[in-house]
Protein chains: 2
Amino acid sequence: MTRHPFDPLTPEEIKLSAHILRQHVSSSDIVFRVVTLWEPPKAEMIAFLDRENALRGALHKDNPSHPSRCARIQAYINKKFCEFKVNLDICNVISEEILHGRQSHIDSDLMRKVELACLADPRVQDKISQLKLPQNSTVVVEPWTYGPDGMNDMSKLLTMCWFYMRISSDPDANYYAYPLPLSVEMATETMDVMRIIHLPLSDDEHDEGDKPLQPFDQQNLHASGEYHPNLSTAGRRTTTKPYHVNQPQGPSFTIDGQKVSWEKWTFRVGFNYREGMTLHDIRYDDRSLFYRLSLSEMFVPYGDPRMPYPRKAAFDLGNDGAGICANNLKLGCDCLGHIRYFDGYLNTNSGLPIKLPNVICCHEIDDGIIWKHTNFRTGNAVVTRSRQLVLQTIITASNYEYIFAFYFGQDASLTYEVRATGILSTAPISSAPTTTSRYGTVVGPGILAPNHQHLFCLRIDPAIDGHRNSLLVEESHPLPVDAEANPFGMGYTTQSRIITNETGLDLDHNTNRTFKIVNESITNRIASTPVGYKLVPFYSQPILAHPSSFHARRSEFAKHAVWVTRYHDDEMFPAGRFTMQSIGGEGIASWIEGRGTGQSDTRAESDEFNGPENAERVLGDPSSVQNKDIVIWHTFGSTHNPRVEDWPVMPCEKMSVSLKPVNFFESNPAMDVPISTQERNCSVLVEG
Amino acid sequence: MTRHPFDPLTPEEIKLSAHILRQHVSSSDIVFRVVTLWEPPKAEMIAFLDRENALRGALHKDNPSHPSRCARIQAYINKKFCEFKVNLDICNVISEEILHGRQSHIDSDLMRKVELACLADPRVQDKISQLKLPQNSTVVVEPWTYGPDGMNDMSKLLTMCWFYMRISSDPDANYYAYPLPLSVEMATETMDVMRIIHLPLSDDEHDEGDKPLQPFDQQNLHASGEYHPNLSTAGRRTTTKPYHVNQPQGPSFTIDGQKVSWEKWTFRVGFNYREGMTLHDIRYDDRSLFYRLSLSEMFVPYGDPRMPYPRKAAFDLGNDGAGICANNLKLGCDCLGHIRYFDGYLNTNSGLPIKLPNVICCHEIDDGIIWKHTNFRTGNAVVTRSRQLVLQTIITASNYEYIFAFYFGQDASLTYEVRATGILSTAPISSAPTTTSRYGTVVGPGILAPNHQHLFCLRIDPAIDGHRNSLLVEESHPLPVDAEANPFGMGYTTQSRIITNETGLDLDHNTNRTFKIVNESITNRIASTPVGYKLVPFYSQPILAHPSSFHARRSEFAKHAVWVTRYHDDEMFPAGRFTMQSIGGEGIASWIEGRGTGQSDTRAESDEFNGPENAERVLGDPSSVQNKDIVIWHTFGSTHNPRVEDWPVMPCEKMSVSLKPVNFFESNPAMDVPISTQERNCSVLVEG
């Protein structure tokens, strides 16, 4: 069977890739960290897709533009971190790179060893014994990547170990409910304890080095942190009656391999260790909309300035891998109705494929009304219901869960939703009554939930009726009061500009700033404007960390809400290809700066927004983004200053971003959706 | 049967009220415009609710605090517009007011007469004949209230008549697809044609008075504007398979009269001619949250400065009445699952009750996951699904539809959602190819959809654990880089202030500005902060019209996103009690100014946000809002610069606002929601 070029590697291809690499390198000391699809160069893919589309979607083996099938391997060869491009068609390594000074993403096997080594250290054991923990409790060590704070040499891997306690023998007991006032800095490779740190129990406390730790206060024992039904002592409500979704004719989607077809939409589902779910070649009614959509990075910097908390700064994609952390979704638990699942395949350290079952689910939901009108003169109503297709994946990043979902609409709109749930990362605090902290919220006895931010970056690789697109920024401004042109003072118009050079931009609801991805060479026949899709952003606070801080330097995407860059095959990750102990200077702002616009840092403040355009740049300017193959990046998230209600498991915090046609079609594309009737929908009247 | 004081008037009570008024006034020239519940003074209601709550919700006839049952009647008595308070317990008029210079809301019977009078006028007929309209077409006159533009004396009612054409004999044909270049200013009471205005067909055209109108271009005939299934010639998609909601044990709600109980929530549903759906005495787990929630006003100013378009400015509540415009919801059309409907009762001009069936529907939806956590050490997941209760009402305001819904969550959050749908208000434009306009979007041949704003004001009357509440505004700010306190430059903290005096405030996502309604006298036992609920606002542009314009002066609420005022029984409508041809100076900013803070106009810019607090005011300051009975008003909406995709019926544009507990409870109130299992949810696996 011919695989589509966007299809993830099959288990056989993973095996083959590893085999080819083993043949290629002389050493047998190989630790495979990544064996994944090396997506074909876009130039080749465009030719392929154009031809595939001309063939009406048929996969022809003899499609002459079929790109080579390649794998990306990242591996430690004799402890040296390297990347290889392996051509699976010709069974050869075609390029290799030694990744000097780089670290691979988290190795969970290694982390488990670090935990054990940390716990086994007699100095750590001594500290634990000072705590005089309750009998039958179990100490749990949670290893975190080290967020650089300038206090250590970053050329060596370090791990921060945070200490918690389970008070039940049940391994599902919530140990985050008992943060212990201890942390340990470990040398990851040698597994040596580098430093033992006492965690502060009040805002102004500092690490007091060698003093003995205060014993655990037995009065703080409580079950309020338990969420598992086997352990939670709280009653469970019995008032919620069952609710079933019945689809007597089955779902409206069809799935062929990785290709999904639903209500005029077609797209391909991808999956990799880092981004998790990806979508490719997204079309509506055979018209091209997006080449690729994915969450490209996320960053969770904590805001507590007390040592060692500045080291808490999680890149959940770059360090942990959204694919690696993907949940095995369960029928009837994670979604409702008729569900189709996709499996994912990753690799072990020895290069063997491992199956991650059910990492993505696909199902339909009813979303209320999509359009309605009642003619008030006749009283006749016409109403249609909105069906949506949901592609969902859920990841567990230690304590937190993120639910990522694309919602496809019958009106050709597309929404990306993030739900943050799971358990807050906790820190110890004095359990004296009325204790509070400037740096977070006390959510239980002795439990501080520190303030932090969640910063997501959605990568939008548009193909609006083709691959040469522009970003048009439109604002609505009052007209000046004028006896001729605006005598009543209520007139307003829009002001638009095409962004000519790569840059970062900010949101401004006060001017209704709107970001439209347009194809300037195709004009809407009705509206006489370029066809386009607009980004409906999620309003949130940019990164709070000071620009000079490691947090800010490492997460360049986090300082602006919208970025536009020229497309490059190797620019997928806006905080850089490698985020483990990264120290900055290699993300999206650096790319832009490297191409010499010098504008990466320019905030588009409203007063300068309408100022003179940048001088036209010479042809071939690498930073030009007008009528070019461009990428739009949207940074959004939340400043999460916890609530008590977020404990012990947080109710979903929803964030959503939409892409909507703007003068792309010639009328509402949902006009032909079936009219809503009782015969069709079979609702039940509840009598008064 | 004893009615609850919040229950709307029954048909019998409407009849009785009218009867009492007829007895009271000597004249028989009475035109009843409003006969509705006069909600009891809050002071009396608090006493009643406290006692009712102490009696565990039982309705006791002998509840000594039972307030009098009163009706509010607005009527023209001998053509004079008056308001009466009628006590139904003692069958007496207890107060009356002559509403000098005021106009009642739109009288649809009168509007129909105006339409006919306008059409019958020979000068108008002459104009129509100049248009040489297609045979068999029908001219439709759409009367609008006159938005003051300073060109006429506002003491007399005027109506703007806009002209459209139906090209089919079917009365459901979409006449908005054929806007004609003609409008007429009518004296509403005398039904005289005051002025005939030619509408401009290009941006720079002005009314050319007596010139003959250009004939209609027959080439513009098209069916693309038809949405009714009987008329639309476009095919209808057949791919959407049926989707049913099955609730084998029935819904989880119980309804007793107007009282709804669902998943620890209790509240009462009200309904009146102006606000439509209202909610009262909203509690969760017996704790008081909100005294009253309602949409209090909405304003739709158009942005086209060309005469006569500045007169297009719709107060859909104050002028049209959300209750009057409420749709008769149909089973299986407007919602899915097990549906309970509420009827509404209004009155005729002769004081008789009229029933509006099914104006509000109540049903449950599944909202995906409410919380989930997987212990990555055991692989055990615990997941719970989110059930929501929806209270929905839909209004038709001529061309537009608005779907208003409250969503109650099991996590004690409450979301108010507006969906805008229906048909754009259209204006004529030259049908020459490539014609565009600065003032809107061409959505079809000869059809301009002008730019406009939708500005909603949600009135939130809080009762967070009692009636003395405060508004706390919190922002997140970076700590200064400091060798001691913030050596790594990543620290941030929140800065809070209690708003001491009535004012309007703006949104600022850049500082994560958060609006918390708190009860300062009740401290959360866990977090040691005041208990509260936060407003999660909808980010949108404030009103664009210049402050000196009638649009801005008439809709005072529209210039700030969040307002806090002291509670007053008679301050329900933030653009003023009467909006028909209002000229401003009587909305929320005027109330505040009238109480002498002089701050109603102060924009809380971020630089002054953290400046010195207002000097403490003397006790008894009427503008003080700290630890007082306060009201929070949230203005939100959209700047709607139409898309072609909004035509002919617009896919829903969603806007939503939430109220969420912040340190109100002692943990996540949804922890006890049933665990999600396949046994319970009965999903269906779609095989690969």
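Residues numbered from 1 in each chain as written. Chains lettered and ligands numbered in written order. Predicted model: local features only at pLDDT ≥ 70, side-chain atom pairs only at ≥ 80, totals over all residues. Heavy atoms only, no water.

Within an unreviewed UniProt entry, the label attached to chain A reads Amine oxidase, and the organism entered is Rhypophila decipiens. Listed under Subunit (unreviewed entry) in UniProt, the entry text for chain A is "Homodimer." (UniProt positions renumbered as here; feature names shortened; annotations may be inferred.)

### Some remarks on the relation of the copies chain B and chain A
Rotating chain B by 180 degrees and translating it 0.0 Å along the rotation axis places it on chain A, where the RMSD comes to 0.0 Å. The transformation relating the two chain copies, once decomposed into turn and shift, fits a two-fold axis. In terms of proximity to the rotation axis, the leading residue of chain B is B:Val245, whose C-alpha is 2.4 Å off the axis. Counting the interface residues of chain B, we find that 100% of their copies in chain A are interface residues as well, pointing to one common contact surface. (Least-squares fit on C-alpha atoms with pLDDT ≥ 70 in both. Contact = heavy atoms within 4.5 Å.)

### Notes on helix α2 (residues 42–54) of chain B
Three or four residues apart is the spacing at which side chains of an α-helix point the same way, because the helix has 3.6 residues per turn. Residue and element names in this part refer to chain B. Its 13 residues place the ends of α2 18 Å apart at the C-alpha level, agreeing with the 18 Å of an ideal helix rising 1.5 Å per residue. Within the span of α2, buried status applies to Lys-42, Met-45, Ile-46, Phe-48, Leu-49 and Glu-52. The buried residues of α2 occupy one face: seen down the axis, they fall within an arc of 165 degrees. Exposed residues pointing more than 90 degrees away from the buried face of α2 are listed as Ala-43 and Ala-54. In the segment just after α2, Arg-56 is the residue with positive phi, at about 60 degrees. (Helix = DSSP H or I, 4+ residues; strand = E, 2+ residues; numbered from the N terminus. Expected span 1.5 Å × (residues − 1). Buried < 20%, exposed > 50% of the residue type's maximum accessible area, 1.4 Å probe, protein only. Arc of directions from axis to C-beta.)

### With respect to the interface of chain B and chain A
On the chain A side, the residues contacting the 179 residues of chain B number 180 residues. Here chain B packs against chain A, burying approximately 14800 Å² in sum over the two surfaces, 54% of which is carbon and sulfur. For chain B, the biggest contributors to the area lost against chain A are B:Arg237, B:Tyr243 and B:Tyr492; these three give 6% of the whole. One can count 16 salt bridges joining chain B with chain A. (Buried area = accessible area lost by both parts, 1.4 Å probe. Salt bridge = Lys/Arg side-chain N within 4 Å of Asp/Glu carboxyl O.)

### What to know about helix α1 (residues 11–24) of chain B
Residue and element names in this part refer to chain B. For α1, which comprises 14 residues, the first-to-last C-alpha distance of 20 Å matches the rise-based estimate of 20 Å (1.5 Å per residue) to within 8%. All buried positions along α1 are accounted for by Pro-11, Glu-13, Ile-14, Ser-17, Ala-18, Ile-20 and Leu-21. Buried residues along α1 sit against β1 (30–37), β2 (70–77), β3 (80–87), β4 (92–98), β16 (338–347) and β17 (353–375).

### A closer look at the confidence of the model for chain A
For chain A, mean pLDDT is 94; residues scoring 70 or higher make up 95% of the total. The low-confidence segment residues 598–618 of chain A, where pLDDT is below 50, has 46 contacts with residues more than four positions distant or belonging to other chains. (pLDDT = per-residue confidence, 0-100.)

### With respect to the sheet that holds strand β21 (residues 427–428) of chain A
All names here are of chain A. Taken together, the three strands give an open sheet; going across it, the order is β21-β23-β22, and neighbouring strands pair in antiparallel fashion. The open sheet has two edge strands with one neighbour each: β21 and β22 (440–444). Bridging between β21 and strand β23 (residues 447–450) involves two bridges; their strand directions are antiparallel. Bridging across to β23, Ala-427 finds its partner in Leu-448. (Pairing = 2+ DSSP bridges.)

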